[in-house]
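Architecture at a glance
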Amino acid sequence: MFEQDIYVNRRNNLRQMISSGVILFLGHNESPTNYAGNTYRFRQDSNFLYFFGLNLPQLAGVIDIEDGTDCLYGNDTDIEDIIWNGDLPSMQEQASQAGINSVSPFRDLRIKLLSAIRKGRKIHFLPPYRGESKIVLSELLGVRISDLENYVSKKLIKSVVKLRSEKEPCEIAEIEKACDTGYEMHTLAMRMCKPGIYEYQITGAIEGVATGANGMPSFPIIQSQNSEILHNHNHNNILQAGKLMVTDAGAETYMGYASDFTRTIPVDGKFTKKQLDIYNIVLAANNHAQKIAKPDVFYYDVHTAAAKIITEGLKDIGLMKGNVDEAVINGAHALFFPHGLGHMMGLDVHDMEDLGENYVGYDDEIQRSTQFGTAYLRLGRRLKTNFVLTVEPGIYFIPALIAKWDSERINSSFIDFGKVREYLDFGGIRLEDNIVITNDGCRMLGKRRIPVTKEEVEEEMSK
Ligand code: GLY
Ligand code: MN
Ligand code: MN
């Protein structure tokens, strides 16, 4: 945990923003895999972690604005818990770690909330996303599960997004730790990659790097020689010479902070000319995005600039044609780059996605595009100092998408489909880095950039 002042200050800031009512943060419970006692690895809710820091199940935190108290609800361990799971700090000790003076047994939470509801006071809570939490909330508030969404507090969502978006120095330090573990994961994948081994051997090994750093992967690892599939979690193939292997993986630290990197490498350790031509376009788009990302710039504009670099590059090798600006306005690049340039990152790899992507990535100034491809851009709003985000352009040759656009003649004035057909077995390339916005630009996170140039990648793979 961070120092208790961090949590006290965060809660005080929130109090001022919400100004009246009772704010409820429900922590997570253990979640069973195949029977009650066999659970998934415990992962605390990120909003609870942010305001209370405690990484244990069956807790709730309540901030009562009018009476000025913060209270932690939960139960002390009993003798059965101690025998099977060991003793834990008392509730009082846990509360004091988070700078809270008041503790109550979990069963008192319902009494507290009912009394507030009877007085007509507003209970502010965030959108629940786990089945277990929905059940608990429904019982606590006396609201049907299907109606919960109607009672979610938009004011709380907006306030939490505001606070969590600008990372504190202690958070950036944690994210850097996650990035350093990400470096070890990706360089190990590069050294292991060769024809004849199973994808899952690499997945398992790099997952072990994250776990061995006292954390875990920040999301299920995407790693495949079918590199044109954006989020592929199947790792059953034997790596074949001539293919490109994508690894999209990051670590989560013990405190819950994430990294999220992608590298795409040639299975046999050397890029072909055809692969390198596409690779260098993606790298140029990534580098350019990092050059122009700074406070006050809309990330939508950075995305568009990256799309133009991609279009320009594809035009140079004959896959696209026509005016580059017009091609991008018409969304023609999305045949090859059908996703967004990046997203916020922090306590969640897609930070605060549970609160609603449009609250996190968009605001009154800019709304999400409805155009195919750009509609997947998770972050479009103006950047601010201390935002942490990903930069992840890509170029993919997705046979089903190419066939659809070709048969429907979509954007055919900007695309040479005859030439594109020569790339149907190419796969795809994505290169993803993590940055923090500084006062006048941005800085890449982590001690070193994961090998990214042709020379760096081939050298790492030869080790
Ligand atoms: N790891 C999924 C993503 O890059 O957004
Ligand atoms: Mn990623
Ligand atoms: Mn990402």
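Look up: the structure comes first, before these words.
Conventions used here
Residues numbered from 1 in each chain as written. Chains lettered and ligands numbered in written order. Predicted model: local features only at pLDDT ≥ 70, side-chain atom pairs only at ≥ 80, totals over all residues. Heavy atoms only, no water. Donors = N, O, S within 2.8 Å, 3.2 Å for Na, K, Ca; no water. Tetrahedral: all angles 85-135°; square planar, octahedral: opposite > 155°, others 65-115°. Buried < 20%, exposed > 50% of the residue type's maximum accessible area, 1.4 Å probe, protein only. Helix = DSSP H or I, 4+ residues; strand = E, 2+ residues; numbered from the N terminus. Salt bridge = Lys/Arg side-chain N within 4 Å of Asp/Glu carboxyl O.

Overview of the coordination of the manganese ion (ligand 2)
Looking at the metal site, the manganese ion (ligand 2) is ligated by Asp248 (OD), Asp248 (OD), Asp260 (OD) and Glu432 (OE), spaced 2.0 to 2.6 Å from it. Classification of the site at the manganese ion (ligand 2) rests on its six donor atoms, whose angles at the metal span 54 to 168 degrees, yielding the label irregular. With a relative accessible area of 3%, Asp260 lands in the buried category.

Considerations on unusual backbone geometry
Excluding glycine, residues mostly carry a negative phi; peptide bonds, for their part, are mostly trans. Backbone geometry at Ser19 places phi at a positive 70 degrees, although glycine is not the residue there. Positive phi, normally seen in glycine, also occurs at Asn411, with a value near 50 degrees. Here Asn411 lies in the loop between helix H14 (399–408) and helix H15 (417–420). Accessibility expressed as a relative area gives 16% for Asn411, which makes it buried.

Some points on the pattern of salt bridges
Within the structure shown, the criterion is met by 34 salt bridges. Across the salt bridge formed by Asp348 and Arg164, the nearest N and O atoms sit 2.8 Å from each other. Of this pair, Asp348 sits in the loop between helix H12 (324–329) and helix H13 (357–361) while Arg164 is found in helix H7 (residues 154–165), placing the two residues 184 residues apart along the sequence. Taken as a pair, Asp348 and Arg164 share a single burial class, namely buried. The shortest N-O distance in the salt bridge between Asp406 and Arg409 comes to 2.9 Å. Accessibility expressed as a relative area gives 15% for Asp406, which makes it buried.

As for the coordination of the manganese ion (ligand 3)
A four-donor tetrahedral metal ideally has 109.5 degree angles, and a six-donor octahedral metal ideally has angles of 90 or 180 degrees. Note on the manganese ion (ligand 3): its protein donors are Asp260 (OD), His343 (NE2), Glu392 (OE) and Glu432 (OE). The metal-donor distances range over 2.1 to 2.2 Å. Expressed as a motif, the donor residue spacing for the manganese ion (ligand 3) is D-x82-H-x48-E-x39-E. In this structure the manganese ion (ligand 2) is found 3.2 Å away from the manganese ion (ligand 3), and Asp260 serves as a bridging donor for the pair. With Asp260 in the loop between strand S11 (251–252) and strand S12 (261–266) and Glu392 in the loop between strand S13 (388–391) and strand S14 (394–396), this residue pair connects regions lying 132 residues apart in the sequence. Since its relative accessible area comes to 9%, Glu392 is described here as buried.

Structural notes on helix H6 (residues 131–141)
All buried positions along H6 are accounted for by Ser133, Val136, Leu137, Ser138, Leu140 and Leu141. Among the residues trailing H6, Gly142 stands out with phi positive, at a value near 65 degrees.

Honestly, that's just the spatial picture; any functional story needs more than this.
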